[in-house]
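Take a look at the letters that make up each chain.
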Amino acid sequence: MTDLDDIDRKLIRALARDARQSASALGKRFGLSQPATWRRIRRLQDAGIIRDRHLRLNAEALGFGVTVFLGIKLATKGRVSLEDFERAVVAIPEVQTVEHVLGMYDYRLRVVARDLPDFERVLRRRIMTLPGAGEVEANVLLSEERLPGPL
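Residues numbered from 1 in each chain as written. Predicted model: local features only at pLDDT ≥ 70, side-chain atom pairs only at ≥ 80, totals over all residues. Heavy atoms only, no water.

A. Representation of the sheet that holds strand β1 (residues 66–74). Here four strands make up an open sheet; going across it, the order is β2-β3-β1-β4 and the pairing antiparallel. Two strands in the sheet have a free side with no partner beyond their single neighbour: β2 (95–100) and β4 (133–140). Put simply, the sheet's adjacent strands are angled 20 degrees from each other on average, direction ignored. The sheet contacts of helix α5 (residues 116–127) involve β1, β2, β3 (107–113) and β4, and relative to β1 the element is tilted by about 25 degrees. (Pairing = 2+ DSSP bridges. Helix = DSSP H or I, 4+ residues; strand = E, 2+ residues; numbered from the N terminus. Axes fitted to C-alpha atoms, helices over the stretch in contact; angles between N-to-C directions. Contact = heavy atoms within 4.5 Å.)

Have a look at this one:
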């Protein structure tokens, strides 16, 4: 693990809140020059602490008003490879995240749909037809808060 000082932690917290901030603005805020700030950000990226800065879309504003978390237990673990399941599930556009987990289910998916009938269509025609898909549990997202984390 890379040693982080107070400035590094402040940069990480600031970028976690808004990754669009420029190195110049961050430098002014924390008493650094733009090049020094950029070098610190680059070092954090090179160390793998900052993986990427990506765009978060508002699914509801784009017409996807329902988010559902699915727990999927594979029915035929020996006959279908995990790679086959993963390759098929990532090809479904409504699936936003695929997490291979340990516990009651083998996979956890985040799925968006326009409404509940649209979700039912995705579930019946796409999810349930995946190679090896067995037991499925659905949890509809009611609200979501983004918490800043331990830093």
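B. Molecular detail of helix α1 (residues 6–17). Taking 1.5 Å as the rise per residue, α1 with 12 residues should run 16 Å; its terminal C-alpha atoms sit 17 Å apart, in good agreement. For α1, the complete set of buried residues consists of Ile-7, Asp-8, Leu-11, Ile-12, Ala-14 and Leu-15. Here the buried residues of α1 occupy an arc of 165 degrees about the axis, which is enough to place them on one side. Away from the buried face of α1 by more than 90 degrees, exposed residues Asp-6 and Arg-17 are located. (Expected span 1.5 Å × (residues − 1). Buried < 20%, exposed > 50% of the residue type's maximum accessible area, 1.4 Å probe, protein only. Arc of directions from axis to C-beta.)

C. Highlighting the packing of α1 against helix α2 (residues 23–30). Running from amino to carboxyl end, α1 crosses α2 at an angle of 130 degrees, the nearest separation of the two axes being 11 Å. In terms of their interaxial angle, α1 and α2 are classed as oblique. When the axes of α1 and α2 are compared, the crossing they make is right-handed. Contact residues: α1 offers Ile-7, Lys-10, Leu-11, Ala-14, Leu-15 and Arg-17, while α2 offers Leu-26, Arg-29 and Phe-30. Its residues assigned to classes, the contact of α1 with α2 comprises six nonpolar, no polar and three charged. (Parallel < 35°, antiparallel > 145°, perpendicular 65-115°, else oblique. Left-handed = near helix turned anticlockwise from the far one by under 90°. Nonpolar A, V, L, I, M, F, W, Y, C, P; charged D, E, K, R; others polar.)

D. Region of interest: a positive patch on the surface. On the surface, a cluster of positive charge is contributed by Lys-10, Arg-13, Arg-17 and Arg-29. Assignment of secondary structure puts Arg-29 in helix α2. Since its relative accessible area comes to 47%, Arg-29 is described here as partly exposed. (Patch = residues over 30% accessible without salt bridge, like charges linked within 9 Å, V, L, I, M, F, W, Y side chains within 5 Å. Areas by Shrake-Rupley, 256 points an atom, 1.4 Å probe, with all protein chains shown as cover. Salt bridge = Lys/Arg side-chain N within 4 Å of Asp/Glu carboxyl O. Lys, Arg positive; Asp, Glu negative; His and termini not counted. Charge placed at Lys NZ, Arg CZ, Asp CG, Glu CD.)

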